[in-house]
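Residues per chain are reported as follows:
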Protein chains: 2
Amino acid sequence: MSEETVPLNTEKRIKEAARKVFMEKGFDGTTSRDIAEAAGINVALTNYYFRSKEKLFKMIFEDAHREFFHESHELLQKPISLREKIPQLMAADFNLFSKTPNLSLFLLAERHRHPELLASVEQPSALGFFLNQIQEAVEQGEIRPMAPAHVLQLIMANVQFVYLSKPVMVQCANLNPTTYADFAGQHQQLVTDMIMNYLFNF
Amino acid sequence: MSEETVPLNTEKRIKEAARKVFMEKGFDGTTSRDIAEAAGINVALTNYYFRSKEKLFKMIFEDAHREFFHESHELLQKPISLREKIPQLMAADFNLFSKTPNLSLFLLAERHRHPELLASVEQPSALGFFLNQIQEAVEQGEIRPMAPAHVLQLIMANVQFVYLSKPVMVQCANLNPTTYADFAGQHQQLVTDMIMNYLFNF
DNA sequence: ATAAAAATTAATCAATTGTTTAAAACATTG
DNA sequence: CAATGTTTTAAACAATTGATTAATTTTTAT
């Protein structure tokens, strides 16, 4: 009943193992043999199914981006008010990153160090819709005037940084690593409250 | 008058080059020859002055932490009210990270991937003083009740993430990379305002 | 059952890695 | 100047890297 009971086909085994290892150690810190060992297969199979370490990484990297964008995609263009939408967005993001705590660091770090390995991250049109919605809300005096990018920044920062900073917070504020999920949960409520207050009460 | 006019002694040349390369590419992405080339010296000199790539990295890594902590050290334990202190802290942090935009990513990423290369990051007592000050302010009803760690998280997140997310923001919100510093500056005012409002008006 | 195709393996490849060596160049001191 | 110590160099080291090979096992189809 543990986690090693999934046989799967070889290709998926490799991809799953590669995802785990790449996310933990990054492209540069990961060797072909790391992946092979994690997947329990021969080193040559990685190049048999995917043609190179680089090609494999590109797939994982793209998947990770899709995972990030996809979850909020529908929500972003839903025809509901910002008063509803923003808390739902933040909840969805918190949910995603609590399940995959170092997705954020992976995306940010690898994007910084290997922008060439990031193929086609189509700027999702849903995001454009959301930014437009903010702009209109500003113009109609519904929310505090500011460039839409600031709202995006507020949401992303206050959700993702909780997970980015876990080691730092554990050390600096003497938080218990095992109860960090609780802290993150409290923080979600807090920042959602704070951002909503700031946007709507002015 | 450019930047290549600094002769310096060899040891400092290496350390400076190593800092630049390590901060950009991380420990795993940096080769001894990368450093040598950036410093304009022979490969062997890195091991002559510092005994290994690992030892050199440890120094750089520690220095980067000191840079981060030192700047706020005095401020943190200054006997002034939180109403003064928090905006000053955020301004100081913004100032630091605007001068070294990828310091944050470097610290977070390398700490995650190579915790063993982080020697003695003494949890600064100044931080303890600050957290105490917050706790007392909560007990006296001066600020909204919350665990002090949340305040720390709010400050760090909203300052650092602006620099962490530059590539993402540029792409997602169509920001101009060359004017990103302006955006960051506006955001500083915005988040300082937001956090102060949230803490003191409740 | 047998042939063809696909999947897997161990062994090996050249290139690059961090590090060391031994000699040369430079500086310092008597 | 000679002698000594320090700094710098080119060359080489073994180990590890991503990738390929050619042979073998397993699967599939006839």
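Residues numbered from 1 in each chain as written. Chains lettered and ligands numbered in written order. Predicted model: local features only at pLDDT ≥ 70, side-chain atom pairs only at ≥ 80, totals over all residues. Heavy atoms only, no water.

Chain A is annotated in an unreviewed UniProt entry as TetR family transcriptional regulator from Hymenobacter cavernae.

As a further point, take the interface of chain A and chain B. Between chain A and chain B, the residue contacts involve 54 residues of the former and 54 residues of the latter. A buried area of about 4,800 Å², summed over both sides, lies between chain A and chain B, and 65% of it is on carbon and sulfur atoms. Glu-110 of chain B is the partner of Arg-113 of chain A in a salt bridge, and the nearest nitrogen-oxygen pair spans 2.9 Å. Summed over the shared surface of chain A and chain B, the result is 20 residue pairs in polar contact (both at pLDDT 80 or more). Breaking the side of chain A that touches chain B down by element, the ones donating at least two residues are helix H1 (10-29), helix H6 (103-113), helix H7 (125-139), helix H8 (148-164), helix H9 (166-172) and helix H10 (180-200) of chain A. Across the side of chain A that touches chain B, the residue classes tally to 30 nonpolar, 15 polar and 9 charged. (Contact = heavy atoms within 4.5 Å. Buried area = accessible area lost by both parts, 1.4 Å probe. Salt bridge = Lys/Arg side-chain N within 4 Å of Asp/Glu carboxyl O. Polar contact = N/O pair within 3.5 Å; in protein donor to acceptor, adjacent residues only side chain to side chain. Helix = DSSP H or I, 4+ residues; strand = E, 2+ residues; numbered from the N terminus. Nonpolar A, V, L, I, M, F, W, Y, C, P; charged D, E, K, R; others polar.)

The biggest cluster of nonpolar side chains holds 147 residues, and the ones touching the most others in it are Phe-22, Ile-86 and Phe-130 of chain A together with Phe-22, Ile-86, Phe-130 and Met-169 of chain B. Not counting chain neighbours up to four residues away, the residues in contact with Phe-22 of chain A comprise Phe-27, Thr-30, Ile-35, Lys-53, Leu-56, Phe-57, Ile-60 and Phe-106 of chain A. (Core = buried A, V, L, I, M, F, W, Y, C linked by side-chain atoms within 4.5 Å. Buried < 20%, exposed > 50% of the residue type's maximum accessible area, 1.4 Å probe, protein only.)

Surrounding DNA strand D, one finds 15 residues, the nearest of these being Ser-32, Arg-33 and Lys-53 of chain A together with Thr-10 and Tyr-49 of chain B. Backbone atoms, meaning sugar and phosphate, make up 52% of the atoms of DNA strand D lying within 4 Å of the protein. Ser-32 of chain A has a polar backbone atom sitting 2.7 Å from a phosphate oxygen of DNA strand D. One nitrogen or oxygen atom from the side chain of Tyr-48 of chain B is found 3.0 Å from a phosphate oxygen belonging to DNA strand D. Mapped by element, the contributors of at least two residues to the surface near DNA strand D are helix H2 (32-39) and helix H3 (43-49) of chain A together with helix H3 (43-49) of chain B. A per-element tally of the surface near DNA strand D places H3 of chain B first, with 4 residues. Of the residues that constitute the surface near DNA strand D, the class distribution is 5 nonpolar, 7 polar and 3 charged. (Near = heavy atom within 4 Å.)

Here the focus is the UniProt feature "domain: HTH tetR-type" (unreviewed entry) in chain A. UniProt records the feature "domain: HTH tetR-type" (unreviewed entry) for residues 8-68 of chain A in the present numbering. Spanning residues 8-68 of chain A, this segment combines 84% helix with 0% strand, and its end C-alpha atoms are found 25 Å apart. (UniProt positions renumbered as here; feature names shortened; annotations may be inferred.)

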